[in-house]
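Residue-level structural notes
In case you want the letters, here they are:
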Amino acid sequence: EPEVTQTPSHQVTQMGQEVILRCVPISNHLYFYWYRQILGQKVEFLVSFYNNEISEKSEIFDDQFSVERPDGSNFTLKIRSTKLEDSAMYFCASSERGGRNQPQHFGDGTRLSIL
Amino acid sequence: AQSVSQHNHHVILSEAASLELGCNYSYGGTVNLFWYVQYPGQHLQLLLKYFSGDPLVKGIKGFEAEFIKSKFSFNLRKPSVQWSDTAEYFCAVNPPNTDKLIFGTGTRLQVFP
């Protein structure tokens, strides 16, 4: 079964540094998402992306965050200047079509630790 | 505030016991409902989903869930759990007018042989 793959599995970064989390969605999927889960808290929506544009973003997704689809396969989340509170598990998801009646398929996640 | 609630944070069962995990949501209008499972060290996997139609939905691995609109609930059930069902279970809601998912806090299920 096709999978969403995320790299790296664990990223350790100094506070203030930029970090890029990478995702390869399922190949025929067109809609992409990032979620995060701070330890002990809920999985939270960050952003959705379609046709090279952000479709929707949460209040968490401020100017420090950006997303990009640099080529036909990768979907990246960049945090420009990391803060301690950015430490979390970040999940990428994709769906074949957008809209509400589509299941989202998740990757294994990247654990981001900010020191 | 609008939210998704999973009241059972940690459930411990013996094999063959029956399982019911609660999920309540507070969104009005038409919602889509999901249960995801995360086995240790693995990604979130879709167990089952409800969009419309029969409120009793069957998923993979013998799981089912019932949508009760009047109670704003979508509880997950399995008649007889196995040790391999040990995992974290997440209820998720797709509110009206968006395709983002709103997750509950998750329920950690431990099944002992």
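All values derive from a computational prediction rather than experimental measurement. (Residues numbered from 1 in each chain as written. Chains lettered and ligands numbered in written order. Predicted model: local features only at pLDDT ≥ 70, side-chain atom pairs only at ≥ 80, totals over all residues. Heavy atoms only, no water.)

So, on to the state of the cysteines. Linking two cysteines covalently via their sulfur atoms produces the bond known as a disulfide. Counted under the stated rule, the structure contains two disulfides over all chains. Disulfide partner of C23 of chain A: C92 of chain A, at an S-S distance of 1.9 Å. What sets the handedness of the C23 of chain A and C92 of chain A disulfide is the S-S torsion sign, and at about -65° it is left-handed. With C23 of chain A in strand β3 (residues 19-24) and C92 of chain A in strand β9 (residues 88-95), this residue pair connects regions lying 69 residues apart in the sequence. We note that C23 of chain A, like C92 of chain A, is buried. Residue C23 of chain B pairs covalently with C91 of chain B via a disulfide, S to S 1.9 Å. Residues C23 of chain B and C91 of chain B share a disulfide whose torsion about the S-S bond is about -60°; that sign makes it left-handed. Taken as a pair, C23 of chain B in the loop between β3 (19-21) and β4 (24-25) and C91 of chain B in strand β10 (residues 87-94) lie far apart in primary sequence, 68 residues in all. Judged by its relative accessible area of 0%, C91 of chain B is buried. (Disulfide = S-S within 2.5 Å. Helix = DSSP H or I, 4+ residues; strand = E, 2+ residues; numbered from the N terminus. Buried < 20%, exposed > 50% of the residue type's maximum accessible area, 1.4 Å probe, protein only.)

Residue and element names in this part refer to chain A. Only one face of β3 is buried: it carries V19, L21 and C23, and the other face, with I20, R22 and V24, is open. Taken together, the three bridges between strand β1 (residues 5-7) and β3 define a ladder with antiparallel strand orientation. Its bridge partner being in β3, Q6 is matched across the sheet by C23. Here β3 runs beside strand β8 (residues 75-79); their pairing, made up of five bridges, is antiparallel. Residue R22 lies in a different strand from β8, and its bridge partner there is T76. (Pairing = 2+ DSSP bridges.)

Bringing the layout of surface pockets into the picture now. Reported here for the largest pocket is a volume of approximately 500 Å³. The wall of the largest pocket is formed by 25 residues, among which Q37, L39 and R111 of chain A together with Q38 and E88 of chain B lie closest to the centre. For the lining of the largest pocket, the elements supplying multiple residues, two or more each, are β9 and β11 (110-114) of chain A together with β10 and β12 (107-112) of chain B. Counted by class, the lining of the largest pocket contains eleven nonpolar, ten polar and four charged residues. (1 Å grid on protein atoms, 1.4 Å probe; cavity = no way out; pocket = protein on both sides within 12 Å on 5 of 7 lines; lining within 4 Å. Points joined across faces, edges and corners; volume = space filled by probe spheres on them. Nonpolar A, V, L, I, M, F, W, Y, C, P; charged D, E, K, R; others polar.)

Once that is clear, we can look at the interface of chain B and chain A. Between chain B and chain A, the residue contacts involve 26 residues of the former and 20 residues of the latter. When chain B packs against chain A, the two sides together hide about 1,900 Å² of surface, and 52% of this comes from carbon and sulfur. Together, H43, D99 and F103 of chain B form the three largest contributors to the area buried by chain B at its contact with chain A, with a combined 31%. One can count one salt bridge joining chain B with chain A. Linking chain B with chain A are seven residue pairs in polar contact (both at pLDDT 80 or more). Listed by contribution, the elements that provide at least two residues to the side of chain B that touches chain A are β5 (32-38), β6 (44-50) and β10 of chain B. The dominant element in the side of chain B that touches chain A, judged by the number of residues it contributes, is β5 of chain B, at four residues. Classifying every residue of the side of chain B that touches chain A gives twelve nonpolar, eleven polar and three charged. (Contact = heavy atoms within 4.5 Å. Buried area = accessible area lost by both parts, 1.4 Å probe. Salt bridge = Lys/Arg side-chain N within 4 Å of Asp/Glu carboxyl O. Polar contact = N/O pair within 3.5 Å; in protein donor to acceptor, adjacent residues only side chain to side chain.)

Ring pairs (aromatic) are described by centroid distance and by the angle formed between their planes. For the structure shown, the criterion picks out 18 aromatic pairs over all chains. Judged by centre distance (6.5 Å) and plane angle (35°), the ring pair of Y33 of chain A and Y35 of chain A falls under tilted. Comparing Y33 of chain A with Y35 of chain A, the two get one shared label, buried. Taken together through their ring pairs, the aromatic side chains of Y33, Y35, F45 and F106 of chain A together with F34, Y36, F51, F90 and F103 of chain B make up a single cluster. (Phe/Tyr/Trp six-rings, centres within 6.5 Å; stacked < 30°, edge-to-face > 60°.)

Residues and elements named next belong to chain B. Considering all chains together, one arrives at seven salt bridges over all chains under this definition. With a closest N to O distance of 3.5 Å, E64 and R77 form a salt bridge. Within this pair, whereas E64 is found in strand β8 (residues 64-68), its partner R77 is found in strand β9 (residues 73-78), the two being separated by 13 residues in sequence. Salt-bridge contacts for E66 lead to R77; the nearest nitrogen and oxygen are separated by 3.2 Å. On the criterion of sequence distance, the pair formed by E66 in strand β8 and R77 in strand β9 is long-range, its members being eleven residues apart. By relative accessible area, E66 is classed as partly exposed at 28%. Residue R77 is classed as partly exposed on the basis of its relative accessible area of 23%.

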